[in-house]
Amino acid sequence: KLTVMILNGKELAGKIKLDLAKKVQKVFPDKKNYVWIIYLWDNKSSATYVRMKKKFGEEIWLKTEIFGQEKKYDKLENVIDLIHQLNDDKNCLGFIIQLPLPDHLQKHKAQLLSLVAPDKDIDWLWWVLTWLSSIWLIDFIPATARAVVTLLKEYKLYDLKWKIITVIWQSNISGKPLVDEFIKQQATVYSCNEFTPTEELKSLCKKSDYIVSCTWAIHLINRDFVRDDKSQILVDVWYGYKDWKAVWDIDFESVKDLVKDITPVPGGVWPLTVASIFSNLFTIEEGLNK
């Protein structure tokens, strides 16, 4: 009887943390450098994620500050001034504009993200880094997508040539970059969104070797979306909330006995996402200085 393999991202994130702590102390020994998180409002999902980032930064001996909730940052011009200040600050290694933005700033998202200097964009949300990555000049992808790739590589599951993969959702921070990375590996990729009919999504998922779900749809993927031959690999990236509890895209209990490999919930991709943000500090520096 085949037993499902659990893809443990939490354990791998711990290893990466130790490596990064050594690298930080070697590369930035004077303790003057820092990372900033621009967090402009109080959002339940974002608040948890922001705390995780700050904690991780401190545990690898890198000063990590949360900034932006002061009243003055309700004004667009003050947020823009802050971005320019961080771009010019040599002690700032990089910074993150935490998404989603508050409603009154949401329409300015593209403008704000485009102001972040490429060498400070550790969340990889600007077109310059996208372009460099697409032509193989820099090994750099958004932190969430990088977490998925890192996890698959760790478990020797990244030989994707001729594999069929369904990626659900087309966001700039996870779905789209994952599609690009999988295509680079010569996989056949189905990219789905909220307009993909449910029956078509079921059909695509059932014919796929990998299913990667990046939505916030609670238990979107259940036993009706997978085969029962224990050959598929399922990766769950995001989660939503139900009754004030985190609930993931994939109904883990429903599918765990039907698939070959699956990420646990929680403990799969998310711990690696935070680790990937700080790994990107060094990837940007090395890539842009080639």
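As a reminder, the structure under discussion sits directly above these lines.
Since the model is a prediction, treat every value here as computed from it, not as a measurement. (Residues numbered from 1 in each chain as written. Predicted model: local features only at pLDDT ≥ 70, side-chain atom pairs only at ≥ 80, totals over all residues. Heavy atoms only, no water.)

(A) Here's a closer look at the pattern of salt bridges. Under the counting rule described, the total for this entry stands at 11 salt bridges. For Lys15, the salt bridge goes to Glu154, with nearest N and O atoms at 3.6 Å. Note that Lys15 is positioned in helix H1 (residues 9-27) and Glu154 in helix H7 (residues 143-154), a separation of 139 residues in sequence. Look at Lys15 and you get partly exposed, because its relative accessible area is 42%. For the salt bridge of Glu59 with Lys17, the shortest nitrogen-to-oxygen distance reads 2.4 Å. With Glu59 in helix H2 (residues 44-59) and Lys17 in helix H1, this residue pair connects regions lying 42 residues apart in the sequence. Classification of Glu59 by relative accessible area gives partly exposed; the value is 32%. Put simply, Lys17, Lys55 and Glu59 are held in one network by salt bridges that share partners. (Salt bridge = Lys/Arg side-chain N within 4 Å of Asp/Glu carboxyl O. Helix = DSSP H or I, 4+ residues; strand = E, 2+ residues; numbered from the N terminus. Buried < 20%, exposed > 50% of the residue type's maximum accessible area, 1.4 Å probe, protein only.)

(B) Structural context of the side chain of Asp249. Considering the arrangement of structural elements, one finds Asp249 in the loop between strand S10 (245-248) and helix H10 (252-255). Assessed through its relative accessible area of 0%, Asp249 is described here as buried. Once you skip the residues sitting within four places of it in the chain, Asp249 turns out to touch Ser213, Cys214, Thr215, Trp216, Ala217, Ile218, His219, Leu220, Ile221, Asp236, Trp238 and Tyr239. (Contact = heavy atoms within 4.5 Å.)

(C) Inspection of helix H9 (residues 198-206) at higher detail. When H9 is considered as a whole, its buried residues turn out to be Leu201, Leu204 and Cys205. Down the axis of H9, the buried set is contained in an arc of 100 degrees. They therefore lie on one face. Residues of H9 that are buried in the fold lie against strand S5 (164-168), strand S6 (188-192) and strand S7 (210-213). (Arc of directions from axis to C-beta.)

(D) Representation of the sheet that holds strand S3 (residues 63-67) within the structure. Sheet architecture is open: 3 strands sit in the order S3-S2-S4, paired in parallel fashion. Unpaired on one side and paired on the other, S3 and strand S4 (92-97) mark the two borders of the sheet. Each adjacent strand pair in this sheet contributes to an overall mean axis angle of 20 degrees, direction not counted. Here 5 bridges tie strand S2 (residues 34-38) to S4, and the two strands are oriented parallel to one another. Residue pairing across strands places Ile37 opposite Ile96, the latter belonging to S4. Packing against the sheet, H2 makes contact with S2, S3 and S4, and its axis sits at approximately 155 degrees to S3. Contacts from helix H3 (residues 76-88) reach S2, S3 and S4 within the one sheet, and its direction differs from that of S2 by about 165 degrees. (Pairing = 2+ DSSP bridges. Axes fitted to C-alpha atoms, helices over the stretch in contact; angles between N-to-C directions.)

(E) Region of the structure containing the nonpolar core. Grouped together as the largest cluster of nonpolar side chains are 58 residues, with contacts concentrated most on Leu152, Phe182, Val212 and Phe278. Sequence-distant contacts of Phe182, defined by excluding residues within four places in its chain, comprise Val148, Leu152, Tyr158, Leu160, Ile165, Val167, Ala187, Val189 and Val212. (Core = buried A, V, L, I, M, F, W, Y, C linked by side-chain atoms within 4.5 Å.)

(F) Region of the structure containing the environment of Ser174. Residue placement: Ser174 occurs in the loop between S5 and helix H8 (175-184). For Ser174, a relative accessible area of 0% translates into the label buried. Sequence-distant contacts of Ser174, defined by excluding residues within four places in its chain, comprise Thr144, Ala145, Cys214 and Trp238. Of the polar contacts made by the side chain of Ser174, one reaches the side chain of Ser171; its length is 2.8 Å. (Polar contact = N/O pair within 3.5 Å; in protein donor to acceptor, adjacent residues only side chain to side chain.)

(G) Structural view of the sheet that holds S6. Pairing is parallel in the open sheet, where 6 strands are placed in the order S1-S11-S8-S7-S5-S6. A strand with exactly one partner marks an edge of an open sheet, and here the two such strands are strand S1 (5-6) and S6. The pairing of S1 with strand S11 (residues 261-262) spans 2 bridges and is parallel. Across the sheet, Ile6 pairs through a bridge with Ile262, a residue of S11.

(H) Here's a closer look at H7. Under the 1.5 Å per step criterion, the end-to-end length of H7 is 16 Å for 12 residues, consistent within 8% with the ideal 16 Å. Those residues of H7 that fall on the buried side of the exposure criterion are Ala143, Thr144, Ala145, Ala147, Val148, Val149, Leu151 and Leu152. Positive backbone phi, approximately 55 degrees, marks Lys156, located one or two places after H7. (Expected span 1.5 Å × (residues − 1).)

(I) Seen up close, unusual backbone geometry. The step from Leu99 to Pro100 runs through a cis peptide bond, and the omega angle for that step is 5 degrees. With an omega of -10 degrees, the peptide bond running from Val265 to Pro266 counts as cis. Residue placement: Pro266 occurs in the loop between S11 and helix H11 (270-288). Even without a glycine there, the phi angle at Trp61 is positive, about 65 degrees. Position of Trp61 relative to the elements: it lies in the loop between H2 and S3. Under the relative-accessibility criterion, Trp61 is labelled exposed at 52%. Look at Lys156: it is not a glycine, yet its phi comes out positive at around 55 degrees. Take Lys156: it is sitting in the loop between H7 and S5.

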